Structures are given as C-alpha cells and as structure tokens.
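Okay, here's what each chain looks like letter by letter:
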Amino acid sequence: MKHSNKRGKRMTKDEIEKKKKIIVRSFITIIAIVVLCIIAYIANDYIILGKNKTTNLVINNSNVTENLKKEIFIDGDNIYLSKEDLANFFDKYIYEDEENNQIITTYEDKIATMGFDENKIEINGSEVSTYAHAIEKDDSIYIPITELKDVYGIEIEYIQDSDVLTIDSISREQKKAISNGNLAVKSSTNFIAKTVDRTKKGDYVIVISDDGKNARIRTANGKIGYVKSKKLANTVVTRQSIEEEKQIDGKVNLVWDYYSQVANAPNREGTSIEGINVVSPAFYHLNTDGELEENVGEEGQVYIDWAHNNGYKVWAMVQNAGSGMMNVTSEIMNHYDNRQKLIEAIIDECMKYDLDGINIDFENMKKEDVDLFSRFIIELEPRLREIGVVLSVDVTAPDGSDTWSLCFDRHVLGDVADYLIFMAYDQYGASSDKAGTTAGYDWVELNLKKFLETYEVESDKLILAIPLYARLWTLDSNGDIEGQTAIPMNEIDESIPSDAERKWDDDLKQNYVEYVDGNLTKKIWIEDIDSLKEKVSLINKYKLGGVASWELGMETDDVWSMIKQELSNN
C-alpha cells in the first residue's frame, strides 16, 4: 500500500530569502508612506494663507470673492463696490436715474438715492450727510457701500492685515464662541487639510455651523474654516434672527368693494362676509393732473372701522381708470420725482386712515412704459414695508394687447410685490369681436401655468381673481355681435328664459345657454356656484396665495361658504 504525502512541498532556501525581501520592501514602503503623510500633514499644518492677492469679500459667512464682477475699491475709510456687484449681492434692481444723475437702490424697507457730486444720501425721503458719493471709475459706477449700511441693514468690517471685507446682515442670527486653545483652522474636515488661519486661546470666533464633531467658524481675520467642536467653549447667540410675520395667516380671501369715484363708501355696518379676510374698497384714483384723489371721507372711515371690527384687513384700491389716463399715467411713470410724489401721497393716506394694504389697479398703460411701471412698484414697496402695509398689484393674463397685457412685467412685479393678483377675466370682453366665456377653466389654468413657469412667480404670492359675473351676448341673424351685457351672477337666472337648456362644457367647466329672441340669438356662458368652485379648486392644486372676487354684491348667497370650504381643503 502507498502512503500519501500530506505535508506538501517544502520551500527552498532561495524561495524563503526571496519572500523575506518582498516583506521587507513592503514594510519599508508602508513606513515611507506614513512618514510622507506625517511630513505633509505637519508641513500643511504650518501653511497659513497670508495677505490675499485681491481683497476677499465675505458676505454672511460665505466667501463670494470669485463672484465679484469688479475689484473692490478702497479709498481711506470709504469702501466701494461696483454697481454690478451691488446688483449681484444686494439689489438686483439698482437703477441709474440719468435724468437726475443719481443712483436709486432699494432693499427690504428702504429706498435710497445717491448722486455723483454731493456727499449726501436720501433714505425714505430723509436726507443724510455722508463722507462719500457715487463715482465713475474704469468705465463702471462705484458706490460707497460704507454709506449704505442703514439701507441694506448690514455691518461692515475691513480687516487690513488679511485684506478681507466682511459684510453681515443684522437681521440674521449670529453665534460666537471662545477658542479654548491655540487652534489650526482647517480648510476642510479631511485628515489632510490646509490650515487657513490660527486662533489663540481666548480668541472669539463666529460659529457658522456645528454638527457636534466639527465646527465651521470665521476667525477675527475673516478666514473661514473648520475646528473640532470640543475646542470651542461658551457658544452664545449674540444676535437673534428677525423673521418677518405675514399679515394674513393662510390663504388670502379678498373681495373688491367697488363703487364709483364720486359715490360715498357703502354702509356695511351690521353685516359680515363669511370666510373673507381682506376687503379692497375703491378709495383712491388718479385725477387728470396725475394727483392721488381720495374718496374716503367720514363714510370711508366708518367702512374701515366696520372692516377692522370684523377682523378684515383693508387693502385700499388705487386706480388709474378713466379716459385719457394713459398719458397721465405715463407722465408719472417716466419721472422719478413724479413717482415719488405719488408714493408719498399713498404713504400719507395709509398712515392717515390706518390702512393695512394697498391694491394697485393700473390698467390701459403704454407698452413702452413696462419697465417704468415696474420701477414705480420697486420704489413703492419698501416705503409700504417700512410702515407694515401690504402691497398687491393687479395684472391681466399674459400675451394680450400692448396696453392691456404687454404693459406688465409679471416676473418683476411678482418678485417685488407681496402679492400679484391675476385678474382671470375677461377671456372674451366687451371689445371682443367674438362671443365667448368670461373665464373658462382651461384658459384660467393655462395662464396660471404661464405665471408660475414662464414668469416664475412664486405660487404663494399669486392670487387668483375670479369674476362674479358673466356676459350675455346678442348676435344678429348673420352671427355678428350686436352687443353684450355684463350680468351679475345673482341676476343670471332672471335674465334668461326659465326653459332655456343649460349644457355643461367640461373644458370650460361651466354651463352654456343659447336661445332665440325674435331675430336675435342670445348666448351666455354662466358663472354659477359650480363654475366658480372649479376655478377656486386651482388655488389648492397650484398652492396659490389665495383668491380675489370681483365684485362684492354680484354673488349668490352660497358663494362665500363655498370659497371658504375650498380654501380649507388643503
């Protein structure tokens, strides 16, 4: 019997020696790598950035130097940023008013003007002396940001040793801590990371974030980096954030209370309107001299008291309605002084009557004034914000005529105003050469998408305005329009024959009636509780800011409870 060899083949002496050499070389390689890492780490630990090649800009604890379009210009205590950079970081609507040779800038609740010749600035109508003014340099306009601290609500510090300019918003929370040792501030939390600065024991640092393991800080030199959380002590909030409260909690439910420019405000005492939280009475209009004319009086004051006693906010309507007002409006929009005169008049009225909001209802304007109307809203908004008054702006559907639709920059208006109100009517209006609905569901939804997608209006700032009326069209035997009449929805039933057949149009989501009256044909696309409910449902579907209804007194009794219910179905 043969015996198997279970011990395996023995290694030769040469093979053993060869294996030893491989092990030694591998060990040496590992040691070399470790040593190199240690050397790199030690060397890296002592690499501290010196003075920057260009002035670094740190805004709210973020180094934005790479985003600068022009270099920062420093002249003694005056620090200048270019108009382009102020537009990029603070006020994208900063404006050169060539007529008055001045720069206009707005931010939150401030509007300021600064010229090129005198050391002064005007903030919200009050003039203040300054140490510098706007200048022209290297084909650019430079503005001393050191003079705009109160406008932009910022703290500024220029750290000469590190050549860093820090700018902090005073409305944002700030935390500080004490360094409990001599610390190397790293560029990242990686094991091997460059040292960007050092702190000494007892130095104060600004804490940007802290996950419990690593803290991101800003040093006294304006450098931003990381240290171990345990190396910081006594972290305290040195400045609380300021949060702006919305005037309306939840969805806006507004109704316009229109009466003529000469009639007294209606007496609403003893009444209430279910579910609404805002009324917009026709208190103001422009006259032919371009002045703000009020129609408030004693009756209006009683109206305001009634609204406030019922918990309603009063957003007074300001109109430019009337024949010949296109040129009057244009004259106001085209000159800064005229815009400011109107703005001051509006502010005075808000304070006089304790108004909660202003609803700008300017229509029939020149297409070429589109940017200047935006300027008016840009300049009005901070003045209203300063006194806690809400600004809403009425606009029509996009893609219409020059003076009805193309006179609005919906993106800018939606960005600046507190609310943009889409008057979702008239799809077919009084001047139409074709009979049609006042506001079909499909048309309303299509235009809402344009506001949200094409013009990028924030959904919670967009209010859908619905009509509480329909149009009864009269056509001759050839099918040509002889006329039309706006019929309040609470009068529609009595305006058409009781035996007229109502047909539901599922695209328009409303009932349609057509009947013969002698040699004439009558057509009406009815606004009723069913059609309005469909349109109001779009508010929750697209997460809109609310609803507005034109106008009070045209509705049927069930409208307000329906709207209230629909708005609560979030």
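Residues numbered from 1 in each chain as written. Predicted model: local features only at pLDDT ≥ 70, side-chain atom pairs only at ≥ 80, totals over all residues. Heavy atoms only, no water.

> Explain the pairing of strand β16 (residues 195-199) residue by residue, including any values.
For β16, the buried fraction is high: four of the five residues fall into the buried class. Bridge count between strand β15 (residues 183-186) and β16: four bridges; the pairing is antiparallel. Across the sheet, the residue bridging to A184 is R198, located in β16. (Buried < 20%, exposed > 50% of the residue type's maximum accessible area, 1.4 Å probe, protein only. Helix = DSSP H or I, 4+ residues; strand = E, 2+ residues; numbered from the N terminus. Pairing = 2+ DSSP bridges.)

> An account of the pattern of salt bridges is requested, with residue identities and associated values reported.
Tallying each qualifying case throughout the model produces 21 salt bridges. The partner of E344 in a salt bridge is R383, with the nearest N and O atoms 2.7 Å apart. With E344 in helix α6 (residues 336-353) and R383 in helix α7 (residues 370-386), this residue pair connects regions lying 39 residues apart in the sequence. When its relative accessible area of 27% is taken as the criterion, E344 is described as partly exposed. Residue K535 is joined to E527 by a salt bridge in which the shortest nitrogen-to-oxygen separation is 3.1 Å. Overall, the relative accessible area of 1% leaves K535 in the buried class. Judged by relative accessible area, E527 falls into the buried class, the value being 1%. A single network of salt bridges, built from pairs that share partners, joins E118, K120 and E127. (Salt bridge = Lys/Arg side-chain N within 4 Å of Asp/Glu carboxyl O.)

> Hey, could you go over unusual backbone geometry for me, with residue numbers and the actual values?
Y425 connects to D426 through a cis peptide bond whose omega is -10°. For D426, the location among the structural elements is in the loop between β28 (419-423) and α9 (441-454). At N364, a residue that is not glycine, the phi angle is positive and equals roughly 55°. Checked against the element boundaries, N364 lands in the loop between β26 (357-361) and α7. Despite not being glycine, K509 shows a phi value in the positive range, around 55°. With respect to the secondary-structure elements, K509 resides in the loop between β32 (503-505) and β33 (510-517).

Just distances and angles here, no functional claims.
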